[in-house]
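# What the coordinates show
For reference, the chains in residue letters:
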Amino acid sequence: MQRRIAATRGRGTRMFWVATFAAIQAVLACWWAAFYPGLFSRDSVQYLSHTLAGPWVSDHSVLYDAILWLSFTTTGDLGMVTFAQTTAMAGALTYLAQSLKALGAPRRTTTAVAIALPFVPTTGAFTVTLWKDVPFTICAIAIAGACAGLAARRAVTPLRLAGLGTLLTLLGLFRANGFLVVAITVAVLLVVVTAARVRLALVGAGAAALPLLLNSLIFPQFGISPPSGTYVYHTAFGDIAVVYREHPELFTGEDRALLASVAPLTRWTEGGTCYTVNPLIWRPDFDWARADAHAGELLGLWRRLLVEQPGLVVDARVCRGSIAWRVAADQLAVGGSTYRMSLRPNADTYVGPNKVSDFQGRQVFSLRPLSPELYQVAQTWLTATLVPRFDWLLWRGALWSYLSYAAVALAAWALRNRFVPAVAAVVVGQQLAILANISAQDFRYLAAPIFVGVLLVPLLAAAPAKLLRRLVRRRAPADSPPPEPGRRRDAESALLSEPPDEDES
């Protein structure tokens, strides 16, 4: 009888997984049809242009570049990439929602939030954008789901460790600073998780080291060039510009000559806004070739400033990392507003002719909606959410990061389960990595904490009531009748799921 009941529950759970996934996928498919083959930016065009016009460069994500190349060379288009992103995103959101419910989050509320998320442009439009940050974010969401499952079971099984290691490896391969996110995430997990720490450390070390190993040793063997010095050190160049603008007296005549050899000193002054490096490096009078040639000297200047004036350099980094910690953008400062995404109709209107390596078939970067009606609805809805008053809620991840920390802390207390904070480990990893090294206020850099934080809200809302119930039980009279044998549960594993909430019955 018990086996039959377990089998019935298992089939019901699987059907619920499928239904949730199908609902999310259906909404994301509408976004895909509206913005076919996908939204894009200058980076999107670069991902593909260098693979076709040559040479291959590992400045972004070689894995994502290869996926775009494969889609273009086999189908002549990029729609399969964005459709695959919708499927993977639907799977990741479903996985996280189901894992949180296993941990004790209210079932109906969590499911409703998961199904509602793709209706919001933050999820829908982002998922169908040709950015490496989309699969990176999907991996981060799945990692949060894996950690929620680990917390629910309070065990690190070989299968779960293998799955987590795979997701961490992919996370590191989909973004240039992914290895840093992986390293911080694993460091947090090693503090939180009490089991299999050695194996977890080895898996994390391998996942963090693999991208570095590929870029330095493996990719060059296949003719994939390493990124230029300017691309690698552009945030350090931005720090120099900020310090030069605010304290030019710190620079010697030799320093000024070095700066002038790369760009006019006026460019270093005008580009010295702490929120972004774009006004410095993406201007016609900034010579990338000369910057590459003098990259070592510029980096030496940056090191000297870091040693002599560490506060100024750290302040510049903290300011540029505002997207990671500041809830609302500084709309009045140059570069302080949040960049969300582009709605340009084709590559030339966004990038401009001759701005990146050209290739036959470049027209693939043009919006060709499969449904004009869906396009009109999606464009209107996306445009409405881009107004500044919604920026802090829909497009910046800082608020949702803080809510994530509150949710896992309160749930850990309610459950008496120290594994629960592992759910937010990847949020910590992403927030700290971006705070340490980022170039501009782009929402995509901190997209994953938005999704994780939103899905943690039901858990955050349910935990106080469960804590109150536990306190009431503790204060019940000693002669209170014992619970029925059939309803006796382990208090530590059921505090958030027993007795069921009204929306779970």
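We now turn to the structure provided with this report. What you see is a predicted model; the values in this text were computed from it and never measured. (Residues numbered from 1 in each chain as written. Predicted model: local features only at pLDDT ≥ 70, side-chain atom pairs only at ≥ 80, totals over all residues. Heavy atoms only, no water.)

The helix and strand inventory of the protein chain stands at 25 helices and zero strands. Relative to the compact-globule value of 23 Å for 505 residues, the protein chain shows a C-alpha radius of gyration of 25 Å, a close match. Dimensions of the protein chain, computed from C-alpha atoms along their principal axes, come out at roughly 85 × 55 × 45 Å. Buried positions account for 51% of the 505 residues belonging to the protein chain. Look at the contacts in the protein chain between residues 6 or more apart in sequence, and 79% of them connect residues 24 or more apart. Within the structure as shown, the protein chain displays about 22,200 Å² of accessible surface, and the carbon and sulfur contribution to it stands at 64%. (Helix = DSSP H or I, 4+ residues; strand = E, 2+ residues; numbered from the N terminus. Rg over C-alpha atoms; globule rule 2.2 N^0.38 Å. Buried < 20%, exposed > 50% of the residue type's maximum accessible area, 1.4 Å probe, protein only. Contact = heavy atoms within 4.5 Å. Areas by Shrake-Rupley, 256 points an atom, 1.4 Å probe, with all protein chains shown as cover.)

Taken as a whole and judged by the stated rule, the model has 14 salt bridges. Close ionic contact of Arg-267 with Glu-270 constitutes a salt bridge, the shortest N to O distance being 3.4 Å. One end of the pair, Arg-267, and the other, Glu-270, are both in helix α13 (residues 265-270), three residues apart, so they sit about a helical turn from each other. Residue Arg-304 pairs with Glu-308 through a salt bridge whose shortest N-O separation is 3.7 Å. Here Glu-308 and Arg-304 lie together in helix α16 (residues 295-308), a separation of four residues that amounts to about one turn. (Salt bridge = Lys/Arg side-chain N within 4 Å of Asp/Glu carboxyl O.)

What follows concerns a nonpolar patch on the surface. On the surface, a cluster of nonpolar side chains totalling about 410 Å² of accessible area is made up of Leu-213, Leu-217, Ile-218 and Phe-222. On the secondary structure map, Leu-217 appears in helix α10 (residues 197-218). Leu-217 sits in the partly exposed class, given a relative accessible area of 49%. (Patch = residues over 30% accessible without salt bridge, like charges linked within 9 Å, V, L, I, M, F, W, Y side chains within 5 Å.)

Trans is the prevailing form of peptide bonds, just as negative phi is the prevailing case for residues other than glycine. Of note, the bond from Tyr-36 into Pro-37 is cis; its omega dihedral lies within 30 degrees of zero at 0°. Following the sequence through the fold, Pro-37 ends up in the loop between α1 (2-34) and α2 (42-53). Residue Pro-55 is reached from Gly-54 by a cis peptide bond, and omega for that bond is -10°. Residue placement: Pro-55 occurs in the loop between α2 and α3 (62-75). Phi is positive for Ala-196, close to 55°, though the residue is something other than glycine. Residue position: Ala-196 is located in the loop between α9 (178-192) and α10.

With that out of the way, let us pick up α3. End to end, α3 covers 20 Å across 14 residues, agreeing with the expected 20 Å (1.5 Å per residue, within 8%). Those residues of α3 not exposed but buried are Val-62, Tyr-64, Asp-65, Leu-68, Ser-71 and Phe-72. The inward-facing, buried residues of α3 abut α2, α4 (79-103) and α7 (133-153). Gly-76, located one to two residues past α3, shows a positive phi value of around 75°. (Expected span 1.5 Å × (residues − 1).)

In contact at an axis separation of 9 Å, helix α11 (residues 229-246) and helix α17 (residues 310-320) are set at 115° when each is read in the N-to-C sense. On the basis of their axis angle, the class for α11 and α17 is roughly perpendicular. The crossing of α11 and α17 is right-handed. Contacts from Thr-235, Ala-236, Gly-238, Asp-239, Val-242 and Val-243 in α11 reach Leu-312, Val-313, Ala-316, Arg-317 and Arg-320 in α17. Taken together, the residues of the contact of α11 with α17 break down into six nonpolar, two polar and three charged. (Axes fitted to C-alpha atoms, helices over the stretch in contact; angles between N-to-C directions. Parallel < 35°, antiparallel > 145°, perpendicular 65-115°, else oblique. Left-handed = near helix turned anticlockwise from the far one by under 90°. Nonpolar A, V, L, I, M, F, W, Y, C, P; charged D, E, K, R; others polar.)

Attention now goes to the packing of aromatic side chains. Counted according to the given criterion, the structure contains 17 aromatic pairs. Judged by centre distance (6.1 Å) and plane angle (25°), the rings of Trp-31 and Phe-35 are stacked. Here Trp-31 matches Phe-35 in class, with each residue buried. An angle of 65° between the planes, with centres 5.0 Å apart, marks the rings of Trp-32 and Phe-83 as edge-to-face. Of this pair, Trp-32 sits in helix α1 while Phe-83 sits in helix α4, and the two are 51 residues apart along the sequence. The structure contains a cluster of three or more aromatic residues connected by ring pairs, namely Phe-126, Trp-131, Tyr-339, Trp-395, Phe-443 and Phe-451. The lysine or arginine in question, Arg-175, covers the ring of Phe-136, its NZ or CZ lying 3.9 Å from the ring centre. Here Arg-444 stacks its cationic end above the ring of Trp-131, 4.7 Å away from the centre of that ring. (Phe/Tyr/Trp six-rings, centres within 6.5 Å; stacked < 30°, edge-to-face > 60°. Lys NZ or Arg CZ within 6 Å of the ring centre and 35° of its normal.)

By themselves, these are just geometric observations and shouldn't be taken as functional.
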